[in-house]
Amino acid sequence: MKNLSVNKSIVILACVFILSVLVVPLASATPLFFYNESKAEQSTTSTTYIDALTLNFTPPIQDDYLILASGEMAIPSIAEEVSVKFDVDGNNANDSAVLRPKDIDDWFPFSFSKKVNLDSSNHYVKLRFNTSNAGIAASVRNLHLAAWSIDVEAYNESNGEFQIVNSSINRTKLAVTPSSAGDYLIIATAQYTGPTTSLTNIKLFIDNELAANTSKMSRLNSYYSFGVIKKLSLSASPHQIDLELSNGVATASFMRNARISAIRLDQLVSNFYSEIESQNSTTSTIHVTRLSSSYAPVKGIYLVIGTTHLKHATIGSSSLTRIAYDGTNLAGNVSVEPDNIADYISFFSFKKETLTATQRIENITYATTSGGAETFSKYVRLIALRMNDTDQPSISLGNPATGTFTNSANVTFFFTPNDVSSGIANCSLVVNSTINQSSTAIVLMQENNITTTLSDGLYAWTVNCTDDSPEHNIGTNTSEKIVTVDLTKPVIKVNSPLNNSYIYGSSSQLFSINVSESNSIKNA
C-alpha cells in the first residue's frame, strides 16, 4: 500500500475504458440465483486471510453470472487495519477493501460486484478477512454473497488501479443503446483511496446527470468501497454511464476495480423501487425512517438492495444507518465517524428474502451518536427484485404402497407436496402415465389425497404438482408405486368328490378343485 500523504509528484495517468453495446433483449433461460449470508459478528487475529463466508454452487450450463458481495468491517484501533478480500474461484487478487478507522467503534461498509462467465463445474465466491496486527482482532458482520445468472446487457470494468492528481478526472465509461425503450437497473461499485489531508471524490453520471456523489478524506493504508444502484427508464437511443474519480490537490487519488452493470428489468416478473435523492438530516440518537418502501409482492424469492450516502457534520460523532427489511430483518448496520466534515460515504447492502403476497415494508433509517450533531443522507434507494422461480415442487408419495391389492373400485391415493419458493396451485394423480384426476384444494407440506374409480387391473401411480408462481413450475415424483385392483371373485369348481357322495371306511378324503382367477391366488 502506498503512503499517500507523501506522494507529491505524480505524472497524470490517463486511462479511459469504453464499452459500446447494442442492447438486444435475449430469450435466455430462466435466470438462476444462488445466495449465502452470515449476519453474526466474526473476529480474527490472523494476519493472513481467513474465510468469513463462502458461496458454493454449480451452474447447470455455462453462463454469465453477476456476482454481488456486501458487508461491514471493524477493528478497535485507529493505528491498525482490517482488510476484506472478494474472491471468485481464487481470482480477483486485488479486490479488497481496507479500513483504518477514525473511531474504534466504527463499522464501515464494503461492497463488490463483478460479471464472470462460469462453466458447469463447481464454483465458489468468498469473503475473506484479516488484521494487520495479530494482537488486535478484526471483525466482520452482515455478510452477503449472491451469484445471479441475469442477462447483464451492458457491462464494463477497469480492474487495474489508476490514479489522478490536480483535479484531473478519470472515468470508467459504459455506452448503452437499447433496442427498445425499457427500465434498467444500474449497479456501480469500486474501491478508492486518496490523500490523508484532502478529499477524494467518486461520482456516477448517467447521460451527464449526476446520480451519485461521494467524498472521503482517506486514512493511511485505507481503501474504501463505493457502491450504488439506480433504476431509470432508457429510450432506444445511445446512453452514457460514467464512473468518475477526481480530487483537487497534487497528491494522488486512486481507484480500482471500477465496474458498471446495466440490467434490463423486463427479464424479471416484478420489481418495486423507491428513492429519495435530496439531502436531509437528523439530530436524533434514535433511528428515524429516511426511506420507507411499501409494496404488495408477487409471492416468491426476492433480492432486496438498499443504498444510500451518509455523512456527519461533526468530528467526534458518528453517523448511523440501517437497512432493515420488513422493519426487523436487518441487512446492514453501519457506524462511521468522519475524518472531514465533508466526508460523504456510500453504503450498499442486499439480502435474499422469501415473501408472501402480503403488504411489505422496507426501511432505510439513520441516526446520530450525539444529540444535536447532524447526520446527513442523500441518494437513498431501495429495490426489491423478484427472482425467477426455478424450484420445482417436490412430492412424497404415501399409500397405497407398492404391492397393495384392493377389492374396492374407489381407491384413495395419499401424497405430501412441498415447494421451497412458492405455494401449490394444483396436483394431479397420474395413473399409468395418464392424468386421472386433479385437485386445487392442496395444502403445502401436509398429507393430501385424491380418490378415483378404477376397474380391474394393475396400476402404476404417481403425482405431479404445479406451483403458483408466474413460472408455473411442475414437479413429479418419478418413483411410481404399483397397486392392483381386483373386483372379481375367484371362480371355484369342485371336481371331486361328487355332489351327494358318501364316504365309507376312511377318515380322509381327497378333494379336487379348479380355481380361476385373473390375479395370483393368495391361499385356497
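Residues numbered from 1 in each chain as written. Predicted model: local features only at pLDDT ≥ 70, side-chain atom pairs only at ≥ 80, totals over all residues. Heavy atoms only, no water.

Trainee: Hey, could you go over the state of the cysteines for me, with residue numbers and the actual values?
Mentor: One pass over the full model with this rule turns up one disulfide. Between Cys 427 and Cys 465 runs a disulfide, and the two sulfur atoms are separated by 2.0 Å. An S-S torsion of about 105 degrees defines the bridge between Cys 427 and Cys 465 as right-handed. Of this pair, Cys 427 sits in strand E32 (residues 424-431) while Cys 465 sits in strand E35 (residues 457-467); the two residues are 38 residues apart in sequence, bridging distant segments of the chain. Its relative accessible area of 0% is what places Cys 427 among the buried residues. (Disulfide = S-S within 2.5 Å. Helix = DSSP H or I, 4+ residues; strand = E, 2+ residues; numbered from the N terminus. Buried < 20%, exposed > 50% of the residue type's maximum accessible area, 1.4 Å probe, protein only.)

Trainee: Residue-level account of the sheet that holds strand E25 (residues 329-336), with values.
Mentor: Two orientations exist for strands paired in a sheet by backbone hydrogen bonds: parallel and antiparallel. In space, the four strands of this open sheet follow the order E22-E27-E24-E25, with antiparallel pairing throughout. Because the sheet does not close on itself, it has two edges, and the strands there are strand E22 (288-295) and E25. Geometrically, the sheet is characterised by an average inter-axis angle of 10 degrees between neighbouring strands, direction not taken into account. As judged from the seven bridges shared by E22 and strand E27 (residues 360-368), these two strands associate in the antiparallel manner. (Pairing = 2+ DSSP bridges. Axes fitted to C-alpha atoms, helices over the stretch in contact; angles between N-to-C directions.)

Trainee: Please provide a residue-by-residue account of the sheet that holds strand E29 (residues 394-397), values included.
Mentor: Pairing in this open sheet of three strands is antiparallel, and the strands run E29-E31-E34 from one edge to the other. Edge positions in the open sheet fall to E29 and strand E34 (448-453), since each of these has one partner strand only. Going across the sheet, the axis of each strand differs from the next one's by a mean of 35 degrees, ignoring polarity. Inspection of the sheet shows E29 paired to strand E31 (residues 410-418) by four bridges, in the antiparallel sense. Residue Leu 397 lies in a different strand from E31, and its bridge partner there is Phe 415.

What is shown is where atoms sit, not what they do.
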